[in-house]
Amino acid sequence: MAELFYDDDADLSIIQGRKVAVIGYGSQGHAHALSLRDSGVDVRVGLHEGSQSKAKAEEQGLRVVTPAEAAAEADVIMILVPDPIQAQVYEESVAPHLKDGDALFFGHGFNIRFGFIKPPAGVDVCMVAPKGPGHLVRRQYEEGRGVPCIVAVEQDASGSAFALALSYAKGIGGTRAGVIKTTFTEETETDLFGEQAVLCGGTAALVKAGFETLVEAGYQPEIAYFECLHELKLIVDLMYEGGLEKMRWSISETAEWGDYVTGPRIITDATKAEMKKVLAEIQDGSFARNWMDEYHGGLKKYNEYKQQDSEHLLETTGKELRKLMSWVDEEA
Ligand code: NDP
Ligand code: MG
Ligand code: MG
(Lines give C-alpha, C1' and ligand atoms only; values in the text may rest on other atoms or scores of the structure.)
(Ligands and ions follow the chains in the order given, each with its own letter.)
Protein backbone atom coordinates (compact mmCIF):
# COMPACT_ATOMS: atom_id res chain seq x y z
CA MET A 1 0.00 0.00 0.00
CA ALA A 2 1.30 3.44 -0.92
CA GLU A 3 2.45 5.75 1.89
CA LEU A 4 0.25 8.85 2.04
CA PHE A 5 0.96 12.17 3.74
CA TYR A 6 -1.37 15.07 4.57
CA ASP A 7 -1.08 18.57 6.07
CA ASP A 8 -0.56 17.27 9.62
CA ASP A 9 2.41 15.17 8.48
CA ALA A 10 4.29 18.13 7.02
CA ASP A 11 6.03 21.00 8.80
CA LEU A 12 5.76 24.22 6.78
CA SER A 13 8.36 25.97 8.95
CA ILE A 14 11.15 23.87 7.39
CA ILE A 15 10.73 25.41 3.94
CA GLN A 16 9.94 28.79 5.52
CA GLY A 17 13.42 28.66 7.03
CA ARG A 18 15.12 28.18 3.65
CA LYS A 19 15.82 30.39 0.64
CA VAL A 20 14.11 28.98 -2.43
CA ALA A 21 15.00 29.57 -6.09
CA VAL A 22 12.41 28.59 -8.68
CA ILE A 23 14.16 28.35 -12.05
CA GLY A 24 11.57 28.84 -14.83
CA TYR A 25 8.19 30.51 -14.71
CA GLY A 26 6.06 28.39 -17.03
CA SER A 27 3.17 26.09 -16.20
CA GLN A 28 4.72 24.67 -13.01
CA GLY A 29 7.17 27.46 -12.20
CA HIS A 30 4.59 30.19 -11.75
CA ALA A 31 2.41 27.93 -9.58
CA HIS A 32 5.27 26.92 -7.29
CA ALA A 33 6.75 30.41 -6.96
CA LEU A 34 3.45 32.18 -6.23
CA SER A 35 2.07 29.57 -3.84
CA LEU A 36 5.34 29.24 -1.91
CA ARG A 37 5.43 33.04 -1.63
CA ASP A 38 1.84 33.04 -0.34
CA SER A 39 2.83 30.31 2.15
CA GLY A 40 5.41 32.68 3.66
CA VAL A 41 8.47 31.29 1.91
CA ASP A 42 11.41 33.44 0.73
CA VAL A 43 11.28 32.95 -3.05
CA ARG A 44 13.19 34.34 -6.02
CA VAL A 45 12.60 33.36 -9.63
CA GLY A 46 15.52 32.57 -11.96
CA LEU A 47 14.92 33.40 -15.62
CA HIS A 48 17.16 33.52 -18.66
CA GLU A 49 17.83 36.67 -20.66
CA GLY A 50 14.97 37.50 -23.03
CA SER A 51 12.49 35.43 -21.02
CA GLN A 52 8.87 35.81 -22.11
CA SER A 53 7.59 35.49 -18.55
CA LYS A 54 9.86 37.92 -16.70
CA ALA A 55 7.41 40.83 -16.85
CA LYS A 56 4.55 38.63 -15.65
CA ALA A 57 6.52 37.30 -12.69
CA GLU A 58 7.46 40.84 -11.67
CA GLU A 59 3.89 42.08 -12.09
CA GLN A 60 2.82 39.29 -9.76
CA GLY A 61 5.19 40.65 -7.13
CA LEU A 62 8.10 38.25 -7.46
CA ARG A 63 11.75 39.16 -7.61
CA VAL A 64 13.35 37.93 -10.83
CA VAL A 65 17.11 37.40 -11.20
CA THR A 66 19.22 35.27 -13.54
CA PRO A 67 19.22 31.49 -12.97
CA ALA A 68 22.83 31.74 -11.74
CA GLU A 69 22.03 34.52 -9.27
CA ALA A 70 18.97 32.62 -8.03
CA ALA A 71 21.02 29.46 -7.51
CA ALA A 72 23.76 31.41 -5.73
CA GLU A 73 21.33 33.13 -3.33
CA ALA A 74 19.20 30.10 -2.54
CA ASP A 75 19.75 26.88 -0.63
CA VAL A 76 16.76 25.08 -2.19
CA ILE A 77 16.83 25.18 -6.00
CA MET A 78 13.77 23.92 -7.88
CA ILE A 79 14.42 23.34 -11.58
CA LEU A 80 11.26 23.97 -13.61
CA VAL A 81 12.58 24.65 -17.09
CA PRO A 82 11.66 22.19 -19.91
CA ASP A 83 13.19 18.74 -19.34
CA PRO A 84 15.36 18.69 -22.51
CA ILE A 85 17.26 21.86 -21.49
CA GLN A 86 17.55 21.16 -17.76
CA ALA A 87 21.01 19.59 -18.07
CA GLN A 88 22.37 22.67 -19.83
CA VAL A 89 20.78 25.12 -17.36
CA TYR A 90 22.10 22.97 -14.52
CA GLU A 91 25.68 22.85 -15.86
CA GLU A 92 25.85 26.55 -16.72
CA SER A 93 23.89 28.20 -13.93
CA VAL A 94 23.22 25.86 -11.02
CA ALA A 95 26.14 23.46 -10.53
CA PRO A 96 28.76 26.24 -10.04
CA HIS A 97 26.74 27.58 -7.08
CA LEU A 98 25.83 24.35 -5.29
CA LYS A 99 27.20 24.08 -1.77
CA ASP A 100 27.09 21.17 0.65
CA GLY A 101 23.78 21.33 2.50
CA ASP A 102 21.86 22.79 -0.46
CA ALA A 103 18.91 20.95 -1.93
CA LEU A 104 18.21 20.41 -5.60
CA PHE A 105 14.53 19.93 -6.46
CA PHE A 106 12.75 18.67 -9.58
CA GLY A 107 9.14 18.45 -10.77
CA HIS A 108 9.85 15.33 -12.83
CA GLY A 109 12.59 12.72 -12.53
CA PHE A 110 13.72 12.51 -16.17
CA ASN A 111 17.18 14.10 -15.94
CA ILE A 112 18.18 12.37 -12.72
CA ARG A 113 16.77 8.97 -13.70
CA PHE A 114 18.61 8.91 -17.02
CA GLY A 115 21.82 10.47 -15.69
CA PHE A 116 21.77 13.72 -17.69
CA ILE A 117 22.22 15.59 -14.39
CA LYS A 118 24.65 14.21 -11.79
CA PRO A 119 24.48 16.30 -8.58
CA PRO A 120 27.41 16.30 -6.12
CA ALA A 121 27.22 14.08 -3.03
CA GLY A 122 26.72 16.89 -0.51
CA VAL A 123 23.30 18.07 -1.69
CA ASP A 124 19.82 16.67 -1.13
CA VAL A 125 18.07 15.65 -4.35
CA CYS A 126 14.29 15.70 -4.11
CA MET A 127 11.23 15.65 -6.32
CA VAL A 128 7.86 17.29 -5.74
CA ALA A 129 5.70 16.49 -8.76
CA PRO A 130 2.12 17.73 -8.76
CA LYS A 131 -0.20 15.32 -10.54
CA GLY A 132 -1.85 18.06 -12.56
CA PRO A 133 -1.08 20.95 -14.87
CA GLY A 134 0.53 24.01 -13.29
CA HIS A 135 -2.41 26.31 -13.79
CA LEU A 136 -4.65 23.96 -11.83
CA VAL A 137 -1.97 23.66 -9.11
CA ARG A 138 -2.12 27.42 -8.64
CA ARG A 139 -5.92 27.76 -8.88
CA GLN A 140 -6.54 24.95 -6.39
CA TYR A 141 -4.07 26.50 -3.96
CA GLU A 142 -5.85 29.87 -4.16
CA GLU A 143 -9.18 28.15 -3.54
CA GLY A 144 -7.82 26.55 -0.37
CA ARG A 145 -7.50 23.15 -2.03
CA GLY A 146 -4.56 21.40 -3.62
CA VAL A 147 -3.45 19.08 -6.38
CA PRO A 148 -2.06 15.73 -5.12
CA CYS A 149 1.71 15.47 -5.38
CA ILE A 150 4.18 12.66 -5.52
CA VAL A 151 7.37 13.17 -3.59
CA ALA A 152 10.71 11.37 -3.78
CA VAL A 153 14.22 11.60 -2.44
CA GLU A 154 17.05 10.42 -4.67
CA GLN A 155 19.90 11.55 -2.42
CA ASP A 156 19.54 12.26 1.29
CA ALA A 157 22.75 14.11 2.12
CA SER A 158 21.27 16.02 5.07
CA GLY A 159 19.41 13.07 6.57
CA SER A 160 16.21 15.12 6.51
CA ALA A 161 15.53 15.48 2.80
CA PHE A 162 12.11 13.83 2.94
CA ALA A 163 10.83 16.23 5.62
CA LEU A 164 12.10 19.12 3.49
CA ALA A 165 10.34 17.78 0.39
CA LEU A 166 7.07 17.29 2.33
CA SER A 167 7.36 20.83 3.64
CA TYR A 168 7.81 22.14 0.09
CA ALA A 169 4.77 20.10 -1.04
CA LYS A 170 2.76 21.69 1.79
CA GLY A 171 3.84 25.14 0.58
CA ILE A 172 2.18 24.55 -2.80
CA GLY A 173 -0.96 22.97 -1.32
CA GLY A 174 -0.06 19.37 -2.16
CA THR A 175 -0.55 17.94 1.32
CA ARG A 176 -4.12 19.32 1.41
CA ALA A 177 -4.99 16.75 -1.27
CA GLY A 178 -2.47 14.08 -0.31
CA VAL A 179 1.13 13.27 -1.09
CA ILE A 180 2.34 9.83 -2.13
CA LYS A 181 5.92 8.71 -1.59
CA THR A 182 7.65 7.39 -4.68
CA THR A 183 11.14 7.16 -6.19
CA PHE A 184 12.65 9.07 -9.13
CA THR A 185 12.73 5.78 -11.04
CA GLU A 186 9.08 4.90 -10.44
CA GLU A 187 7.82 8.42 -11.19
CA THR A 188 9.84 8.82 -14.39
CA GLU A 189 9.14 5.40 -15.85
CA THR A 190 5.40 5.35 -15.05
CA ASP A 191 4.96 8.94 -16.26
CA LEU A 192 6.63 8.24 -19.61
CA PHE A 193 4.80 4.93 -20.02
CA GLY A 194 1.41 6.40 -19.14
CA GLU A 195 1.67 9.31 -21.54
CA GLN A 196 2.99 7.17 -24.39
CA ALA A 197 0.94 4.00 -24.13
CA VAL A 198 -2.35 5.22 -22.68
CA LEU A 199 -3.02 8.90 -22.10
CA CYS A 200 -1.58 10.64 -25.16
CA GLY A 201 -0.11 8.17 -27.65
CA GLY A 202 -2.52 5.29 -27.11
CA THR A 203 -5.63 7.46 -26.97
CA ALA A 204 -4.69 9.63 -29.96
CA ALA A 205 -3.96 6.56 -32.10
CA LEU A 206 -7.20 4.86 -31.03
CA VAL A 207 -9.27 7.95 -31.85
CA LYS A 208 -7.58 8.41 -35.23
CA ALA A 209 -7.94 4.74 -36.23
CA GLY A 210 -11.63 4.70 -35.26
CA PHE A 211 -12.32 7.94 -37.12
CA GLU A 212 -10.49 6.74 -40.25
CA THR A 213 -12.33 3.40 -40.23
CA LEU A 214 -15.72 5.13 -40.26
CA VAL A 215 -14.75 7.75 -42.86
CA GLU A 216 -13.15 5.15 -45.16
CA ALA A 217 -16.42 3.19 -44.96
CA GLY A 218 -18.25 6.24 -46.32
CA TYR A 219 -19.73 7.76 -43.17
CA GLN A 220 -19.74 11.55 -42.73
CA PRO A 221 -16.58 12.89 -41.03
CA GLU A 222 -18.71 15.05 -38.71
CA ILE A 223 -20.56 11.99 -37.40
CA ALA A 224 -17.28 10.09 -37.07
CA TYR A 225 -15.75 13.01 -35.13
CA PHE A 226 -18.56 13.07 -32.59
CA GLU A 227 -18.53 9.30 -32.23
CA CYS A 228 -14.76 8.82 -31.84
CA LEU A 229 -13.47 12.03 -30.24
CA HIS A 230 -16.14 14.28 -28.78
CA GLU A 231 -17.96 11.55 -26.84
CA LEU A 232 -14.69 10.27 -25.41
CA LYS A 233 -14.70 13.09 -22.86
CA LEU A 234 -18.13 12.13 -21.60
CA ILE A 235 -17.03 8.51 -21.19
CA VAL A 236 -13.76 9.44 -19.49
CA ASP A 237 -15.60 11.77 -17.08
CA LEU A 238 -17.67 8.80 -15.93
CA MET A 239 -14.56 6.64 -15.50
CA TYR A 240 -12.90 9.43 -13.52
CA GLU A 241 -15.90 9.72 -11.21
CA GLY A 242 -16.50 6.03 -10.58
CA GLY A 243 -14.18 3.79 -12.53
CA LEU A 244 -15.20 1.43 -15.31
CA GLU A 245 -18.21 0.40 -13.21
CA LYS A 246 -19.80 3.86 -13.24
CA MET A 247 -19.17 4.21 -16.97
CA ARG A 248 -20.85 0.85 -17.59
CA TRP A 249 -23.74 1.76 -15.28
CA SER A 250 -24.44 4.84 -17.39
CA ILE A 251 -24.15 3.41 -20.91
CA SER A 252 -26.78 1.16 -22.53
CA GLU A 253 -26.67 -2.62 -22.07
CA THR A 254 -25.92 -2.89 -25.77
CA ALA A 255 -22.90 -0.61 -25.41
CA GLU A 256 -21.80 -2.56 -22.35
CA TRP A 257 -22.00 -5.91 -24.18
CA GLY A 258 -20.03 -4.42 -27.10
CA ASP A 259 -17.48 -3.13 -24.61
CA TYR A 260 -16.88 -6.65 -23.21
CA VAL A 261 -16.71 -8.52 -26.51
CA THR A 262 -15.04 -5.96 -28.79
CA GLY A 263 -12.57 -4.15 -26.48
CA PRO A 264 -10.23 -7.17 -26.29
CA ARG A 265 -10.32 -7.51 -30.10
CA ILE A 266 -8.97 -3.93 -30.38
CA ILE A 267 -6.42 -4.01 -27.57
CA THR A 268 -5.08 -7.53 -28.09
CA ASP A 269 -2.30 -9.64 -26.62
CA ALA A 270 -0.14 -8.21 -29.40
CA THR A 271 -0.91 -4.68 -28.19
CA LYS A 272 0.08 -5.62 -24.67
CA ALA A 273 3.27 -7.27 -25.91
CA GLU A 274 4.10 -3.99 -27.68
CA MET A 275 3.35 -2.07 -24.46
CA LYS A 276 5.93 -4.25 -22.71
CA LYS A 277 8.48 -3.36 -25.39
CA VAL A 278 7.67 0.33 -24.98
CA LEU A 279 8.18 0.00 -21.21
CA ALA A 280 11.48 -1.84 -21.74
CA GLU A 281 12.75 0.98 -24.00
CA ILE A 282 11.82 3.50 -21.30
CA GLN A 283 13.55 1.45 -18.61
CA ASP A 284 16.77 0.87 -20.56
CA GLY A 285 17.09 4.58 -21.38
CA SER A 286 16.80 4.24 -25.17
CA PHE A 287 13.60 6.31 -25.37
CA ALA A 288 15.27 9.11 -23.39
CA ARG A 289 18.41 9.03 -25.56
CA ASN A 290 16.39 9.06 -28.80
CA TRP A 291 14.28 11.96 -27.57
CA MET A 292 17.32 14.00 -26.54
CA ASP A 293 18.94 13.32 -29.98
CA GLU A 294 15.73 14.44 -31.72
CA TYR A 295 15.43 17.55 -29.52
CA HIS A 296 19.02 18.67 -29.91
CA GLY A 297 19.03 17.71 -33.60
CA GLY A 298 16.46 20.43 -34.33
CA LEU A 299 13.15 18.54 -33.83
CA LYS A 300 12.83 17.60 -37.52
CA LYS A 301 10.68 14.45 -37.13
CA TYR A 302 8.77 16.02 -34.25
CA ASN A 303 7.72 18.92 -36.46
CA GLU A 304 6.84 16.57 -39.32
CA TYR A 305 4.51 14.54 -37.09
CA LYS A 306 2.98 17.72 -35.72
CA GLN A 307 2.34 19.08 -39.22
CA GLN A 308 0.89 15.77 -40.50
CA ASP A 309 -1.60 15.52 -37.66
CA SER A 310 -2.67 19.15 -37.91
CA GLU A 311 -3.74 18.47 -41.50
CA HIS A 312 -5.60 15.24 -40.62
CA LEU A 313 -9.32 15.26 -41.47
CA LEU A 314 -10.10 14.52 -37.81
CA GLU A 315 -8.52 17.83 -36.82
CA THR A 316 -9.92 19.97 -39.62
CA THR A 317 -13.40 18.53 -39.06
CA GLY A 318 -13.17 19.10 -35.31
CA LYS A 319 -12.04 22.68 -35.73
CA GLU A 320 -15.20 23.53 -37.69
CA LEU A 321 -17.54 21.65 -35.36
CA ARG A 322 -16.13 23.18 -32.20
CA LYS A 323 -16.84 26.67 -33.56
CA LEU A 324 -20.52 25.79 -33.35
CA MET A 325 -20.18 24.69 -29.72
CA SER A 326 -19.17 27.90 -28.01
CA TRP A 327 -19.06 26.22 -24.60
CA VAL A 328 -16.44 23.62 -25.53
CA ASP A 329 -13.53 26.06 -25.41
CA GLU A 330 -14.72 27.58 -22.15
CA GLU A 331 -14.71 24.21 -20.41
CA ALA A 332 -10.94 23.91 -20.85
P1 NDP B 1 7.14 25.31 -19.32
O2 NDP B 1 7.58 24.98 -20.70
O3 NDP B 1 5.72 25.65 -19.07
O4 NDP B 1 8.01 26.51 -18.73
C5 NDP B 1 9.37 26.60 -18.92
C6 NDP B 1 9.90 27.84 -18.25
O7 NDP B 1 11.32 27.76 -18.33
C8 NDP B 1 9.49 29.13 -18.94
O9 NDP B 1 9.23 30.11 -17.97
C10 NDP B 1 10.72 29.48 -19.75
O11 NDP B 1 10.90 30.87 -19.91
C12 NDP B 1 11.79 28.99 -18.82
N13 NDP B 1 13.06 28.80 -19.49
C14 NDP B 1 13.32 28.36 -20.73
N15 NDP B 1 14.64 28.34 -20.95
C16 NDP B 1 15.23 28.76 -19.79
C17 NDP B 1 16.57 28.96 -19.37
N18 NDP B 1 17.58 28.70 -20.20
N19 NDP B 1 16.79 29.41 -18.11
C20 NDP B 1 15.77 29.68 -17.26
N21 NDP B 1 14.49 29.51 -17.62
C22 NDP B 1 14.23 29.06 -18.85
O23 NDP B 1 7.60 24.07 -18.40
P24 NDP B 1 6.67 23.15 -17.46
O25 NDP B 1 6.21 23.96 -16.29
O26 NDP B 1 5.68 22.42 -18.29
O27 NDP B 1 7.73 22.05 -16.98
C28 NDP B 1 8.68 22.29 -15.96
C29 NDP B 1 8.98 20.98 -15.25
O30 NDP B 1 7.80 20.54 -14.57
C31 NDP B 1 9.40 19.84 -16.15
O32 NDP B 1 10.34 19.07 -15.45
C33 NDP B 1 8.11 19.05 -16.33
O34 NDP B 1 8.33 17.68 -16.63
C35 NDP B 1 7.50 19.20 -14.95
N36 NDP B 1 6.06 19.00 -14.87
C37 NDP B 1 5.23 19.74 -15.67
C38 NDP B 1 3.87 19.61 -15.56
C39 NDP B 1 2.97 20.57 -16.29
O40 NDP B 1 1.88 20.79 -15.79
N41 NDP B 1 3.33 21.18 -17.40
C42 NDP B 1 3.25 18.61 -14.67
C43 NDP B 1 4.20 17.97 -13.78
C44 NDP B 1 5.56 18.14 -13.93
P45 NDP B 1 10.07 31.83 -20.91
O46 NDP B 1 8.89 31.08 -21.42
O47 NDP B 1 9.72 32.97 -20.04
O48 NDP B 1 11.00 32.24 -21.98
MG1 MG C 1 5.20 13.56 -18.57
MG1 MG D 1 -23.49 5.58 -29.07
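Note that the structure is predicted; figures quoted are calculated from it, not measured. (Residues numbered from 1 in each chain as written. Chains lettered and ligands numbered in written order. Predicted model: local features only at pLDDT ≥ 70, side-chain atom pairs only at ≥ 80, totals over all residues.)

Let us look at the overall build of the protein chain. Helix and strand counts for the protein chain stand at 18 helices and nine strands. By the compact-globule yardstick of 20 Å for 332 residues, the protein chain fits well, its C-alpha radius of gyration being 22 Å. Summarising its shape, the C-alpha atoms of the protein chain cover approximately 65 × 45 × 40 Å along the three principal directions. For the protein chain, buried positions account for 32% of its 332 residues. (Helix = DSSP H or I, 4+ residues; strand = E, 2+ residues; numbered from the N terminus. Rg over C-alpha atoms; globule rule 2.2 N^0.38 Å. Buried ≥ 20, exposed ≤ 12 C-beta atoms within 10 Å, placed from the backbone.)

A separate point is the site of ligand 1. What surrounds ligand 1 is a group of 26 residues, the closest being Gly24, Gly26, Ser53, Gly107 and His108. At the level of elements, α2 (27-38), α5 (83-94) and β7 (124-130) are the ones that each hand at least two residues to the shell around ligand 1. When its residues are assigned to classes, the shell around ligand 1 shows 12 nonpolar, 13 polar and one charged. (Near = placed C-beta within 6 Å. Nonpolar A, V, L, I, M, F, W, Y, C, P; charged D, E, K, R; others polar.)

This part takes up the environment of Leu47. You can see Leu47 is positioned in the loop between β3 (42-46) and α3 (54-59). Measuring from C-alpha to C-alpha, the distance between Leu47 and Ala57 comes to 9.7 Å, with 10 residues separating the pair along the chain.

Here we take up the UniProt feature "binding site: substrate" (unreviewed entry) in the protein chain. The sites that carry the UniProt feature "binding site: substrate" (unreviewed entry) are, in the present numbering, Ser252. Its location among the elements puts Ser252 in the loop between α12 (221-250) and α13 (253-266). The exposure class assigned to Ser252 is exposed, which follows from the 9 C-beta atoms found within 10 Å. (UniProt positions renumbered as here; feature names shortened; annotations may be inferred.)

Taken domain by domain, the protein chain holds domain 1 (4-182) and domain 2 (200-267 + 299-330). Taking only C-alpha atoms into account, the centre of domain 1 sits 36 Å from that of domain 2. (Domains from an automatic or database assignment.)

Turning next to the environment of Phe105. When you line up the elements, Phe105 lands in strand β6 (residues 103-106). The spatial distance from the C-alpha of Phe105 to the C-alpha of Leu80 is 8.8 Å, given a sequence separation of 25 residues. Not counting the four nearest positions on each side in its chain, Phe105 is found in contact with Val76, Ile77, Met78, Ile79, Cys126, Met127, Val128 and Tyr168. (Contact = placed C-beta atoms within 7 Å.)

For the rest of this paragraph, the subject is the sheet that holds β6. If you trace the nine strands from one edge of the open sheet to the other, you get β1-β9-β8-β7-β6-β5-β2-β3-β4, paired in mixed fashion. The sheet terminates laterally at β1 (4-5) and β4 (64-65), the two strands that pair on one side only. Pairing analysis gives four bridges linking strand β5 (residues 76-79) to β6, with the strands arranged parallel. Its bridge partner being in β6, Met78 is matched across the sheet by Phe105. Most of the contacts of helix α10 (residues 184-199) go to strand β8 (residues 149-155), to which it runs at about 130°, and overall it touches β7 and β8. (Pairing = 2+ DSSP bridges. Axes fitted to C-alpha atoms, helices over the stretch in contact; angles between N-to-C directions.)

One non-glycine residue, Leu299, lies in positive phi territory at about 60°. Among the secondary structure elements, Leu299 is positioned in the loop between α15 (286-296) and α16 (300-310).

Right, let's get into helix α11 (residues 201-216). Here α11 spans 22 Å end to end across 16 residues, near enough to the 22 Å set by a 1.5 Å rise per residue. Looking one or two places after α11, you find Gly218, whose phi comes out positive at around 100°. (Expected span 1.5 Å × (residues − 1).)

With seven of seven residues buried, β7 lies mostly within the body of the structure. With burial as the criterion, each face of β7 is covered, one bearing Asp124, Cys126, Val128 and Pro130 and the other bearing Val125, Met127 and Ala129. Where β6 lies against β7, four bridges are found, and the strand directions are parallel. Bridging across to β7, Phe106 finds its partner in Met127. In terms of strand pairing, β7 meets β8 through six bridges, oriented antiparallel. For Cys126, the partnering residue across the bridge sits in β8 and is Val153.

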